[in-house]
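# Per-entry structural report
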Amino acid sequence: MTRISNSDDNSDSDKSDSKGSDNDDSSKRFEESLHDIEGYLDAVFNNMGDPIFVKDESCRLLLVNDAFCNMFNLPRDQIIGKTLAERVPTNERKHFLSIDKQVLESGQEVLSEETLTIGGCLTKTVLTKKNRFVDSKGNYFLVGMSHDISERKKIEEHLKLAASVFSHSGEEICITDHNARIIEVNNAFTRVTGFSRKEVFGQHLSFLQSKRHSSESNKEMWDLLHEEGAWHGEVWHRRKNGETYVLMKTISAIYDDNGVTTHYVSLGNDITPIKTQQDQLEHIAHYDMLTNLPNRSLLADRLTQAMLQCHRHKQSLAVTFIDLDGFKAVNDAYGHDVGDQLLIALSMRMKQALREGDSLARIGGDEFVAVLADLVKPEDCKVILDRLLLASSEAVTINDVIFKVSASIGVTIYPQDNVDADQLMRHADQAMYVAKGSGKNCYHLFDTTQDDAVKVQRESLEAIRIALDEQQFVLYYQPKVNMRSGKVTGVEALIRWQHPTRGLLNPMEFLPVIENNPMSIEMGEWVIDTALSQISEWQKMGLNLPISTSVNIAAVQLQQSMFTTRLAELLARHSDVDPSYLELEVLETSALDDVMHVSKIMNACIKLGVNFALDDFGTGYSSLTYLRRLPVNLIKIDQSFIRDMLDDPDDLAIVEGVIALAKSFKREVIAEGVESIEHGTALLKLGCELAQGYGIAKPMPVSEIPKWVNEWKPDIAWKLK
């Protein structure tokens, strides 16, 4: 048995003393721990990325963390004791304070979106969670944590804007995945196509394309998309109801950060009305309004294409000029309506007499031209010519009246007649007159033997060379006037040959001889130089004379690489002349090989100060193209249409159409070949005030111009229109 000594008995008091010491140590450690915890909490509080704040019952800030200070860019001593209400826009301040009071009174947590003003101008949008805290003494405090959602709000606004643009865009928009499968469309898409979003979802983008959009075009489109990431062009689409329409479409590829295609975005505008209008204008420009046959312009294009085919296939073609015998008598006796019906019936018959691939065009009242292509032998055209004669000579019944006419046909064979398209037409026309003189209702082949013609050509060129060297050419001037106001607006300079033995010769007797000859350029420069000299003389006289002068420019001269340079030199030679007084007239019937090239030359000349006019408008085969692309100020309606406009409704319609086109393209228009008061009256009714012609004045020597200008007055009938 163990004995406990006294010393052992004293152990309890020792332990008691030891325990007291331990409690003191624990308390000390606890206080230190609290201090550490407070430090930890303070570190956590101030290292939170979002602002944290505590407010008293008066909504004044008692405690804020570093993030809160950073958000307002203010130190704590400028924040503590303040309210946030002053940082809230005035119109939102009342609502802001009511939320704080609501939390303090109800004790319910509130999540609110607030707009705060930073630094007086910058605003931030924050999402704040607010709670009430009650201390041991029953005091209320508001504890809040905010999160800056300004960037998110901006993104949301951008997304809303993008969604609004997408939904309300007038363009149809379609978004696909990388396989071109549709995943989203906008309202315009469903409106234009008739398909709902559900119906097109998952469909390939090409399912909308009409059969009119070829597979080759489709392949080209996707090849370009894969190569360049974008494509723009016209596409034929079909609506849900099967109707086709034209879409001006842009497709763009969307890439991820690695450059991999993730989506395609397609934007399209329905341009069907515009295309329809363009087609109508093209039809008017290329087809005869009465018979719906190709007109002169389209015929020329087809003839050119057929000539190229001849070269490729080493074949021949025939150009046939058809003039109806006896048609004028029918037209005069029974009127234009019956005449028109007869023309329609005969044109249909003649067209049926041709083969597929041949072309028939109406180029004037009762004149037609057929191009017979792909002839293995020149003789192969004879069977078709016989059918044409038969078709034109068979009786036609109109309003119970039987009409019987015939045709005289002139024919030339290419490439045996190895000339250009215009010359082929002229040769066929010449041959037609031979057929008409041979008794009509027959055809005549153009004689291609050119020995005599070559000799005449050579002699004519030599004579013109001498005339140029000896200054035998002179300029006559024909006035141009405003029929309504009576003002003389200018003159046209017209070349004449004062031949030593044959007298005064008109241009048609010598200009065709030098066509495409270097002398034509030399003569053209002489005309410009002489006209500028005359303008200078008129300026010096100081009289009320029509200084503005126009001269004709041949296509071969205009297309010379040095034309602009030579024109500048001529203008410099007459530095006292304002270049705007010079107007250059370009024949619309000229074979301008490259319209874009000619347009550049004309623009360069315009920079020198001169003006341009388009002469003989309506007789060429690219009128609409020239009108759109050539920078001309004035359009001259060809006199062939003006001459017969009072009797031929087709010519009247052409004149009316040219005037309308000129106004549409904001060009001035002048009629040439006005031969009577009635012509002028009719033109004024159509809206054409500018004119020239024998009904106003014939071309005259320069010496007669002053007297004529002073004495001329417009007819009283014109002033009343």
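See the structure shown above.
Attention here is on the structure that accompanies the text. From a predicted model like this one, the values you see are computed outputs, not experimental measurements.

With that settled, the discussion passes to the side chain of arginine 362. Locating arginine 362 in the fold gives a position in strand S12 (residues 359–364). Residue class for arginine 362 comes out buried when judged on its relative accessible area of 4%. From its side chain, arginine 362 meets the backbone oxygen of glycine 365 in a polar contact 2.9 Å long. In this structure, arginine 362 is in contact with Asp288, Leu290, Thr291, Leu293, Pro294, Asn295, Arg296, Leu343, Glu367, Phe368 and Asp650, ignoring residues within four places of it in sequence.

Pairing in this open sheet of five strands is mixed, and the strands run S12-S13-S11-S16-S17 from one edge to the other. This sheet does not close on itself; its edge strands, each paired only once, are S12 and strand S17 (442–445). Strand-to-strand twist in this sheet, taken as the mean axis angle between neighbours without regard to direction, amounts to 20°. Here strand S11 (residues 316–325) pairs with strand S16 (residues 406–414) via nine bridges, running antiparallel. Across the sheet, residue leucine 317 finds its bridge partner in S16, namely tyrosine 414. With respect to the sheet, helix H10 (residues 296–313) is in contact with S11, S12, strand S13 (367–375) and S16, its orientation differing from that of S11 by roughly 150°. Across the face of the sheet, helix H13 (residues 381–393) comes into contact with S11, S13, S16 and S17 while running at roughly 160° to S16.

Let us now look at the pattern of salt bridges. Per the counting criterion, the structure on display carries 31 salt bridges. For lysine 240, the salt bridge is made with glutamate 199, and the minimal N-O distance between the two is 2.7 Å. Of this pair, lysine 240 sits in the loop between strand S8 (230–238) and strand S9 (244–255) while glutamate 199 is found in helix H7 (residues 197–200), placing the two residues 41 residues apart along the sequence. One salt-bridge network, held together by shared partners, links Glu492, Glu585, Lys636 and Glu672.

Take the side chain of serine 536 next. Mapping serine 536 onto the fold places it in helix H16 (residues 518–541). Judged by its relative accessible area of 6%, serine 536 falls in the buried class. Among residues more than four places away in sequence, those in contact with serine 536 are Asp576 and Val577.

About the criteria used
Residues numbered from 1 in each chain as written. Predicted model: local features only at pLDDT ≥ 70, side-chain atom pairs only at ≥ 80, totals over all residues. Heavy atoms only, no water. Helix = DSSP H or I, 4+ residues; strand = E, 2+ residues; numbered from the N terminus. Buried < 20%, exposed > 50% of the residue type's maximum accessible area, 1.4 Å probe, protein only. Polar contact = N/O pair within 3.5 Å; in protein donor to acceptor, adjacent residues only side chain to side chain. Contact = heavy atoms within 4.5 Å. Pairing = 2+ DSSP bridges. Axes fitted to C-alpha atoms, helices over the stretch in contact; angles between N-to-C directions. Salt bridge = Lys/Arg side-chain N within 4 Å of Asp/Glu carboxyl O.

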